[in-house]
Amino acid sequence: MSAHGPASDPPTSTVLSGDGAAAIHPPARESVSGPSPEGAATPPARRVWFQTFGCQMNVYDTGKMRAQLAADGYVETTDPDEADLVLFNTCSIREKAVDKMDGALGPFRKDKRRGRDVVLGIAGCVAQQEGQALLDKYPEVDMVFGPDGVPHVRRLVARAAQGHRVLDTDLLDLDTYPFVSDLDPADQGVGAFVTIQKGCDNRCTFCIVPTTRGDEASRPSDQILDEVRGLTARGVREITLIGQNVNSYGLKVAGERTFAQLLYAVADIQGVERIRYTTSHPRDMGDDVIQAYRDLPQLTSHLHLPVQSGSNHVLRRMKRFYTRERYLAVVEALRDARPDLALTTDIIVGFPGETDEDFAETMSLMEAAGFVASFSFKYSPRPGTPALKLIDRGDEVPAAVASARLTAWQTAQRTRSAAWARSYEGSVVDILVEGPSRHDDGVICGRTSSHLMVNVPGSLDLVGRTIPVRVTRGFTHSARGERVVG
Ligand code: 5AD
Ligand code: SF4
């Protein structure tokens with residue numbers, strides 16, 4: 001399921017800090033990332049500027065483009081005005097995300113019309129979905145390529161730099177899918193994403209991902225483990241395995257590890273202190289993965305398990321293939337294995353045909369499942385998705401009703417999230433220090449295994465270390481604490 005929560009979507013749709021999945025995982029580098037090399041004597045020949053929209057898959061893909069383009073001498077710049085190459089990695093999960101891309105592209109199109117010499121590219125899911133239509137719509141754009149173009153980005157950029165208009169929306173052969181192994185030069189922090197699969201074989205009726213990212217292919221586990229080793233050698237301590245539906249990892253390939261076996265193998269690698277993963281599908285959460293919560297202390301006490309709706313009627317229409325009861329049974333089994341598990345989820349409100357009673361079922365699930373945070377969205381009709389048929393039948397939920405439901409969900413979630421953070425007050429917890437606090441000098445931040453962000457006075461030499469802290473105050477999305485010495 002969806003490794004595609006928004007990394008840079010508007011925060012209106014979520015009650016988690018920041019927004020979307022990137023807030024539950026190591027902080028996403030937003031529009032610009034990675035400084036130019038310090039003290040470089042001469043300016044590099046070519047500079048690239050990225051803007052990444054969407055989920056952690058896109059953040060990861062941008063990293064792989066960064067890595068590959070570095071081999072051709074492209075250095076990342078933080079200043080879009082000095083870039084020779086501008087690449088938008090786009091998201092089409094909801095209409096808002098598409099609109100954002102359109103807005104961000106505007107100034108560059110204007111620059112080009114005024115004669116600026118820059119290669120302008122649109123990558124990612126909007127590119128895959130719209131293809132040639134984007135080249136037609138934006139004469140200033142030089143290249144359009146989907147997620148499957150990422151492994152060939154050097155070739156595509158080279159052609160565009162020679163003055164060709166480039167279009168690549170071919171989906172690659174799954175059996176020989178060329179997962180990129182070059183490490184992202186910007187992955188120098190405490191946490192890193194590692195992709196384990198691409199695409200999705202599910203067909204949830206609201207979702208455009210199977211169209212934009214194609215069917216599922218699992219990355220060979222030996223390659224995954226090599227990447228993890230490479231990252232830990234750089235000092236990375238927390239690995240987040242990403243895929244659209246990680247639980248089905250390896251199942252289509254004879255002799256491949258299962259997802260549970262992959263978890264054990266990653267935990268075996270020296271230097272891996274924490275393992276997170278996203279996203280998993282409730283239907284496919286097997287006993288072997290649940291057992292891993294008993295066996296592997298590295299597996300964190302936080303799980304993002306998108307439920308989408310608490311109503312069986314809506315779940316059926318979404319083609320999620322589980323019921324509310326089955327979801328709760330999975331949660332119970334997980335809590336049996338890991339009593340302090342913090343559960344987060346994704347919710348869609350206003351799905352076609354959702355009645356007041358259906359929505360009440362969703363609301364009551366918040367309590368029943370004990371979600372400590374959630375990403376919540378108003379249903380957004382996506383081109384070519386099966387749910388459009390329900391709208392044709394007249395089942396559309398009026399926008400004002402959907403908005404009211406979203407507000408009701410988010411208000412209740414905020415209260416629950418705050419209560420959860422406050423429940424830590426007075427207790428001592430371990431945090432893995434990620435870096436300086438965004439707001440205060442002399443304050444560092446790190447997360448508990450359960451993913452609560454705690455800000456603590458302290459110095460930067462603690463970054464990358466796991467330290468005990470006493471939580472003094474819980475807020476809606478984070479907590480404050482103090483170091484426990486000795
Ligand atoms: N409308 C609204 N939300 C959507 N999501 C996926 N597709 C849509 C859509 N068409 C949400 C789901 C998913 C999350 C990443 O985005 O909740 O889990
Ligand atoms: Fe997730 Fe369903 Fe979309 Fe697949 S089709 S990415 S499981 S929401």
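Before any of the text, the structure's been laid out above.
Residues numbered from 1 in each chain as written. Chains lettered and ligands numbered in written order. Predicted model: local features only at pLDDT ≥ 70, side-chain atom pairs only at ≥ 80, totals over all residues. Heavy atoms only, no water.

The strand order across the open sheet formed by six strands is β2-β1-β3-β4-β5-β6, and the pairing between neighbours is parallel. Of all strands in the sheet, those with a lone pairing partner are β2 (74–76) and β6 (166–168), marking the two edges. When the angles between neighbouring strand axes are averaged without regard to direction, this sheet yields 20°. Running at roughly 165° to strand β4 (residues 119–123), helix α2 (residues 95–113) makes contact with β1 (46–52), β3 (85–90) and β4 of the sheet. Against the sheet, helix α5 (residues 153–161) contacts β2, β3, β4, β5 (143–145) and β6, and its axis sits at roughly 160° relative to β5. (Pairing = 2+ DSSP bridges. Helix = DSSP H or I, 4+ residues; strand = E, 2+ residues; numbered from the N terminus. Axes fitted to C-alpha atoms, helices over the stretch in contact; angles between N-to-C directions. Contact = heavy atoms within 4.5 Å.)

With their axes 11 Å apart at the nearest point, helix α11 (residues 324–337) and helix α12 (residues 356–369) run at an angle of 15° to one another. With respect to each other, α11 and α12 are oriented roughly parallel. The element α11 and its partner α12 pack so that their crossing is right-handed. Of the residues in α12, those touching α11 at R324, Y327, L328, V331 and R335 are E361, S364, L365, A368 and A369. Among the residues making up the contact of α11 with α12, the classes are represented as six nonpolar, one polar and three charged. (Parallel < 35°, antiparallel > 145°, perpendicular 65-115°, else oblique. Left-handed = near helix turned anticlockwise from the far one by under 90°. Nonpolar A, V, L, I, M, F, W, Y, C, P; charged D, E, K, R; others polar.)

Our next topic: the sheet that holds strand β18 (residues 466–474). Across a sheet, strands are paired by hydrogen bonds formed along the backbone, either parallel or antiparallel in direction. Within the closed barrel, the five strands sit side by side as β15-β16-β17-β19-β18. Their pairing is mixed. Within the sheet, the average angular offset between the axes of one strand and its neighbour, ignoring direction, is 55°. Across five bridges, strand β16 (residues 443–447) lies against strand β17 (residues 453–457) in antiparallel orientation. Bridging across to β17, V443 finds its partner in P457.

Keep in mind these values describe shape, not function.
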